[in-house]
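Here's the letter readout for the chains.
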Amino acid sequence: MVEQPKSKASLDVATLRAIPSGIWALGLVSLLMDVSSEMIHALLPIYLVSVLGVSMLTVGVIEGVAEATGAIVKVFSGALSDWLGKRKLLAATGYALAAFTKPVFPLATSVGWFVAARFVDRIGKGIRGAPRDALVADLSPEHLRGASFGLRQSLDTIGAFLGPLLAIVLMWLSASNFQLVFWIAVVPAFLAMALIILAVREPDRPAGIREVQSPLSMAELGRLSSAYWVVVAMAGVFTLARFSEAFLILKAQAVGLPIVLVPAVMVLMNVAYALSAYLAGVVSDNGDRGNILIVGLLLLIAADIVLALASGVAGVLAGVALWGLHMGLTQGLLATLVADTAPVELRGTAFGVFNLISGLALLAASIIAGALWDAAGPAFTFLAGAVFTAVAAAGLLAIRRQGLVGTRPA
């Protein structure tokens, strides 16, 4: 008699070993690319404001447009991966485009060049995002799905705090030489591109799976369940309540953190993110995913309030840590819920639509945050975020009472 896989994941080494090697490889690819991206992004808002003299609203527009661009591209790359029946090719193409964009940052001499570089970099992220997430779902055993998404998210986030940490060290050693840091950030981007090409093997498509001819047609989108659309709606509202992390960096600078230490904000946020993402995924495999999302939203409300009231560095760092914990308890889990509720043959499309809605919400949230910051200051901006989050939490509680989403699939 064949032994059935365990229905629950545990918090031990055996769980990590049971996760397929392809998931680990994709996580390491994400780690390297995030080291590269965050070395640049941890310094970019300060560079734009302090060196090039742009406004907070401009920062919000740049960040929002960049992320929304990536989100729009994800719809088409995800649908294309369903039509081709191939995920790795598109994921590798996206990582390659991002790698070849990185040298533009140290060479840029005007706001226009930075906008163009961020735009193309996010196109690369958009091309790879949905196919990569669908590939994670394809590779992961169902009983370890939350742990697999959590592991990839944790490795991704380790890169997201190593990048700013390296930026701090290099800014100190180079006497705040922005261009030098931007040049060094090019190296891990090309390592990530090489790793996905050489170390990730795409699994064979399941026998008898339905071929998808027009993934974005109304007929195919109609095959996505009501539970999936609830997840998409939740993600949109959640993201509207959570604007770009660029404003965490600007808040830290506003309370007096020296420029050379400003990347420490992203280090702290991503340490909290990385430590909580995998554990949240494992716990969600054991039971109710909805309850973990509620806790994540409560943490975001707390983070916004702390950041609104903070007048010193210690208060800002406390708010940033809470923000990171919120990310760890929600981002990987939302991706897991998409995998739970979407049919196998439409996973790329499902992740693409999910990321489109989230990206458009982030565009709106970042522009609103920038406008509120310029008009009323940082305290009002973060308090507005707390109000949006409270509305999102109330909506999630209403959905939970109707039993539409939450528990893992049987």
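1. Topic: the overall build of the chain
Item 1. Summing up its helical and strand segments, the chain has 18 helices and zero strands in all.
Item 2. The globule rule puts the C-alpha radius of gyration for 410 residues at 22 Å, and the 20 Å found for the chain is close to it.
Item 3. By principal-axis analysis of the C-alpha atoms, the chain measures approximately 65 × 45 × 45 Å.
Item 4. Across the 410 residues that make up the chain, the buried fraction comes to 58%.

2. Digging into the pattern of salt bridges
Item 1. Scanning all chains against the criterion turns up nine salt bridges.
Item 2. A salt bridge links Arg87 to Asp82; the shortest N-O distance between them is 2.7 Å.
Item 3. With its nearest N and O atoms 3.0 Å apart, the salt bridge here joins Asp340 to Arg145. One end of the pair, Asp340, is in helix α16 (residues 313–341); the other, Arg145, is in helix α8 (residues 145–173), and 195 residues separate them in sequence. Pair check on accessibility: Asp340 and Arg145 agree, each one buried.
Item 4. Connected via shared salt-bridge partners are Asp82, Arg87, Asp138 and Arg347.

3. As for the confidence of the model for the chain
Item 1. For the chain, the average pLDDT comes to 82, and 92% of its residues sit at 70 or higher.
Item 2. Taken together, the stretch residues 1–11 has pLDDT below 50 and engages in 17 contacts with residues farther than four places along the chain or on a different chain.

4. Examining the packing of aromatic side chains
Item 1. All told, the structure shown has six aromatic pairs when counted by the stated rule.
Item 2. Judged by centre distance (5.1 Å) and plane angle (70°), the ring pair of Tyr228 and Trp229 falls under edge-to-face.
Item 3. Residue Tyr228 is classed as buried on the basis of its relative accessible area of 0%.
Item 4. With a centroid separation of 6.3 Å and an interplanar angle of 65°, the aromatic rings of Trp373 and Phe382 are classed as edge-to-face.

5. Here we look at the packing of helix α2 (residues 21–41) against helix α10 (residues 186–199)
Item 1. Where α2 meets α10, the closest approach of the two axes is 7 Å, and the angle between their N-to-C directions is 165°. Classified by the angle their axes make, α2 and α10 are roughly antiparallel. For the pair α2 and α10, the crossing hand works out as left-handed. The segment α2 lies against α10, with Ala25, Leu26, Leu28, Val29, Leu32, Met33, Val35 and Ser36 engaging Pro188, Ala189, Leu191, Ala192, Leu195, Ile196 and Ala199.
Item 2. In the contact of α2 with α10, the residues fall into 14 nonpolar, one polar and no charged.

6. Focus: the nonpolar core
Item 1. The biggest cluster of nonpolar side chains holds 111 residues, and the ones touching the most others in it are Met234 and Trp323.
Item 2. If you tally residues by element for this core, the top one is α16, at 11 residues.

7. Here's the deal with the side chain of Asp82
Item 1. Topologically, Asp82 is positioned in helix α4 (residues 56–84).
Item 2. Of the polar contacts made by the side chain of Asp82, one reaches the side chain of Arg87; its length is 2.7 Å.
Item 3. With sequence-adjacent residues up to four places away left out, Asp82 is seen in contact with Arg87, Val212, Pro215, Glu345, Leu346, Arg347, Gly348 and Thr349.

8. What to know about the environment of Phe243
Item 1. By the secondary structure assignment, Phe243 is in the loop between α12 (226–240) and α13 (246–254).
Item 2. In this structure Phe243 comes out as buried when scored by relative accessible area, which is 4%.
Item 3. Sequence spacing of Phe243 and Ala364 is 121 residues, and the spatial spacing of their C-alpha atoms is 8.4 Å.
Item 4. Contact partners of Phe243, with chain neighbours within four places excluded, come to Asp304, Trp323, Leu362, Ala365, Ser366, Ala369, Thr381, Phe382 and Gly385.

9. Re α13
Item 1. Counting buried positions along α13 gives seven out of nine residues, so the element sits mostly inside the fold.
Item 2. The complete set of buried residues in α13 reads Ala246, Phe247, Leu248, Ile249, Leu250, Lys251 and Ala252.

10. Some details on a nonpolar patch on the surface
Item 1. Together, Leu57, Val61, Val65, Leu97, Phe119, Val120 and Ile367 make up a nonpolar patch on the protein surface, roughly 450 Å² of accessible area in all.
Item 2. Among the secondary structure elements, those contributing two or more residues to the nonpolar patch are α4 and α7 (111–139).
Item 3. Top contributing element to the nonpolar patch by residue count: α4, with three residues.

11. Side note on the side chain of Ser148
Item 1. Among the structural elements, Ser148 can be located in helix α8.
Item 2. Overall, the relative accessible area of 0% leaves Ser148 in the buried class.
Item 3. For Ser148, the contacting residues outside a window of four places in its chain are Ile19, Ile23, Ser140 and Pro141.

12. As for the environment of Ala318
Item 1. The residue Ala318 is located in helix α16 in this model.
Item 2. By relative accessible area, which is 37% here, Ala318 ends up partly exposed.
Item 3. Sequence separation between Ala318 and Leu268 is 50 residues, and the spatial gap between their C-alpha atoms is 9.3 Å.

13. So, the environment of Pro103
Item 1. Along the chain, Pro103 falls in the loop between α5 (88–101) and α6 (104–107).
Item 2. Not counting residues up to four positions away in its chain, the partners in contact with Pro103 are Trp183 and Val186.

Conventions we followed
- Residues numbered from 1 in each chain as written.
- Predicted model: local features only at pLDDT ≥ 70, side-chain atom pairs only at ≥ 80, totals over all residues.
- Heavy atoms only, no water.
- Helix = DSSP H or I, 4+ residues; strand = E, 2+ residues; numbered from the N terminus.
- Rg over C-alpha atoms; globule rule 2.2 N^0.38 Å.
- Buried < 20%, exposed > 50% of the residue type's maximum accessible area, 1.4 Å probe, protein only.
- Salt bridge = Lys/Arg side-chain N within 4 Å of Asp/Glu carboxyl O.
- pLDDT = per-residue confidence, 0-100.
- Contact = heavy atoms within 4.5 Å.
- Phe/Tyr/Trp six-rings, centres within 6.5 Å; stacked < 30°, edge-to-face > 60°.
- Axes fitted to C-alpha atoms, helices over the stretch in contact; angles between N-to-C directions.
- Parallel < 35°, antiparallel > 145°, perpendicular 65-115°, else oblique.
- Left-handed = near helix turned anticlockwise from the far one by under 90°.
- Nonpolar A, V, L, I, M, F, W, Y, C, P; charged D, E, K, R; others polar.
- Core = buried A, V, L, I, M, F, W, Y, C linked by side-chain atoms within 4.5 Å.
- Polar contact = N/O pair within 3.5 Å; in protein donor to acceptor, adjacent residues only side chain to side chain.
- Patch = residues over 30% accessible without salt bridge, like charges linked within 9 Å, V, L, I, M, F, W, Y side chains within 5 Å.
- Areas by Shrake-Rupley, 256 points an atom, 1.4 Å probe, with all protein chains shown as cover.

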